[in-house]
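Below, each chain spelled out in residue letters.
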Amino acid sequence: MAEPIIVGADGSVPSARAVAWAADEAARYRRDLQIVHAVENWAFDVPLTAAPGEVASLSRAGGEILASAERVARDRRPEIQVNVELAATSTVRALAERSRNAFELVVGHRGLGGFAGLVLGSVGLGAVRHSACPVVVVRGEAEAGHGEIAVGIGLGDDSATLEYAFRAAAAWDARLRVVHAWPFPEALDGPGAAASLERAEERARWRVLEAHAPLRKRHPGVEIEESIVADNPAAVLMAASRAADLVVVGTHAREGLTVPRNRAVTHALVHHAHCPVAVVPAAGPRS
């Protein structure tokens, strides 16, 4: 079976928006949608001597959350296959385990419980760090319909990030804006600075073109624009998120872990972007 799109549900309004967004993704990619609710108390807070009624209450509440989320998904996209799961484990572990066999993981930017703290502080970045598939944080104007997807790249190995972004642009029938930004170096703040900056931007432009050349051939129908500027990367991508339906950033492997390529950029986007944010692990998007 094709790997599903997984979405975390906790009964909050942002969670419902994430479920609706994930249902649209499942329809775009013709994938099943799996809705997961984590009942962390089962594993950590409920004593072994807890009355059966307490466990049953947790189960009943979780079931109601899943039933509500399932209705949102089916009303939104009646043509997709929807499955639900009640997980008795920690939030991050539930997400990490299921991401191993997922096409994409979708979460809301805040909520009530279970998945509530996912993108708030270290818990959220930890979930991104340990996910084996792309993670989409649904925030901002998720249904703005700008017709543009923005992808931020460095000048290292951005193949996985670009692969996800090109595929998303093709699925969304959207323009792809490739963004490369770097802080203005203090050394260029003097005589000849303009000429030096122009040379730096020209070198960056050629390297960016080389980076996405293979994807242009594989996705000839995707319209591409480039934004290559000497500025703070987080600020540039935040600005791009105002006119985008999705912003894509990548991670890289280091010391056995998948970590944000630029922690400050990733942290800023998942907390303050004006549209959903996709974080792609170094292993790349699922085919």
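These numbers come from a predicted model, not from an experiment.

Student: Honestly, the pairing of strand 11 (residues 277–280) in this entry has me stumped. Any pointers?
Tutor: Sheet faces and side chains relate simply in a regular strand, where the side chains alternate between the two faces. In strand 11, alternate side chains face the same way, and those of Val277 and Val279 on one face and Ala278 and Val280 on the other are all buried. Summarising the sheet, strand 5 (residues 135–138) and strand 11 pair through three bridges and their orientation is antiparallel. Bridging across to strand 11, Val135 finds its partner in Val279.

Student: It is not clear to me how the nonpolar core should be interpreted in this structure. Could you clarify?
Tutor: The biggest cluster of nonpolar side chains holds 47 residues, and the ones touching the most others in it are Leu33, Ile35, Val106, Ile149, Leu176, Leu246 and Val248. Considering every element that reaches this core, the biggest residue donor is helix 6 (residues 159–172), with eight residues. Not counting chain neighbours up to four residues away, the residues in contact with Val248 comprise Ile149, Ala150, Val151, Gly152, Thr161, Tyr164, Ala165, Ala278 and Val280. Ranked by size, the runner-up nonpolar core spans 22 residues in total, among them Val137, Met238, Ala240 and Cys275.

Student: I would appreciate a short explanation of the packing of aromatic side chains in the present structure.
Tutor: The relative placement of two aromatic rings is captured by the distance of their centres and the angle of their planes. Taken as a whole and assessed by the stated rule, the structure comprises two aromatic pairs. Taking the centre distance of 6.0 Å and the plane angle of 45° together, the rings of Trp21 and Trp172 count as tilted. Separated by 151 residues along the polypeptide, Trp21 in helix 1 (residues 13–29) and Trp172 in helix 6 bring together distant segments of the chain. When the centroid spacing of 4.8 Å and the interplanar angle of 55° are considered together, the rings of Tyr29 and Phe103 count as tilted. Of this pair, Tyr29 sits in helix 1 while Phe103 sits in the loop between helix 4 (91–99) and strand 4 (104–108), and the two are 74 residues apart along the sequence. A residue is classified by how much of its surface remains accessible, and Tyr29, at 14% relative accessible area, is buried.

Student: What is the right way to read the pairing of strand 5 from this model?
Tutor: Burial along strand 5 is two-sided: the face carrying Val135 and Val137 and the face carrying Val136 and Val138 are both buried. Note: strand 4 against strand 5, four bridges, orientation parallel. Bridging from a neighbouring strand, Val107 pairs with Val137 of strand 5.

Student: I'm lost on helix 1 in this one. Help?
Tutor: Since the α-helix advances by 3.6 residues per turn, residues separated by three or four positions end up pointing in the same direction. A rise of 1.5 Å per residue sets the reference length of helix 1, with its 17 residues, at 24 Å; its end C-alpha atoms lie 25 Å apart and thus fit the reference within 8%. Burial of helix 1 is extensive: 12 of the 17 residues sit out of reach of the surface. Restricting attention to buried positions, one finds in helix 1 the residues Pro14, Ser15, Ala18, Val19, Ala20, Trp21, Ala22, Ala23, Asp24, Glu25, Ala26 and Tyr29. The backbone nitrogen of Ser15 has a side-chain oxygen 3.1 Å away, supplied by the residue at the start of helix 1, namely Ser12.

Student: Please clarify how the confidence of the model for the protein chain should be interpreted in this entry.
Tutor: Residues shown with low pLDDT carry predicted positions that ought not to be read at fine detail. When pLDDT is averaged across the protein chain, the result is 81; 75% of the residues are at 70 or more. Averaged pLDDT values for the elements of the protein chain fall to 40 in strand 10 (residues 257–260) and rise to 96 in strand 6 (residues 148–152). Note on residues 42–50: pLDDT under 50 across the span, and 13 contacts to partners over four residues away in sequence or across chains. Of the regions scoring below 50 in pLDDT, residues 119–123 engages in 14 contacts with residues more than four places distant in sequence or in other chains.

Student: Looking at this model, I keep getting lost on the side chain of His180. Mind explaining?
Tutor: Inspection of the secondary structure assignment puts His180 in strand 7 (residues 175–182). Residues in contact with His180, not counting those within four places in the same chain, are Ile153, Gly154, Leu155, Ala204, Val208, Ser227, Ile228 and Val229.

Student: Would you explain the packing of helix 1 against helix 6 in this entry?
Tutor: Contact geometry of helix 1 with helix 6 gives a least axis separation of 10 Å together with a crossing angle of 85°. Comparing the axis directions of helix 1 and helix 6 gives the class roughly perpendicular. Only Tyr164, Arg167, Ala168, Ala171 and Trp172 of helix 6 make contact with helix 1, whose side of the interface consists of Trp21, Glu25, Arg28 and Tyr29. The class makeup of the residues in the contact of helix 1 with helix 6 is six nonpolar, no polar and three charged.

What counts, and at which threshold
- Residues numbered from 1 in each chain as written.
- Predicted model: local features only at pLDDT ≥ 70, side-chain atom pairs only at ≥ 80, totals over all residues.
- Heavy atoms only, no water.
- Buried < 20%, exposed > 50% of the residue type's maximum accessible area, 1.4 Å probe, protein only.
- Helix = DSSP H or I, 4+ residues; strand = E, 2+ residues; numbered from the N terminus.
- Pairing = 2+ DSSP bridges.
- Core = buried A, V, L, I, M, F, W, Y, C linked by side-chain atoms within 4.5 Å.
- Contact = heavy atoms within 4.5 Å.
- Phe/Tyr/Trp six-rings, centres within 6.5 Å; stacked < 30°, edge-to-face > 60°.
- Expected span 1.5 Å × (residues − 1).
- Polar contact = N/O pair within 3.5 Å; in protein donor to acceptor, adjacent residues only side chain to side chain.
- pLDDT = per-residue confidence, 0-100.
- Axes fitted to C-alpha atoms, helices over the stretch in contact; angles between N-to-C directions.
- Parallel < 35°, antiparallel > 145°, perpendicular 65-115°, else oblique.
- Nonpolar A, V, L, I, M, F, W, Y, C, P; charged D, E, K, R; others polar.

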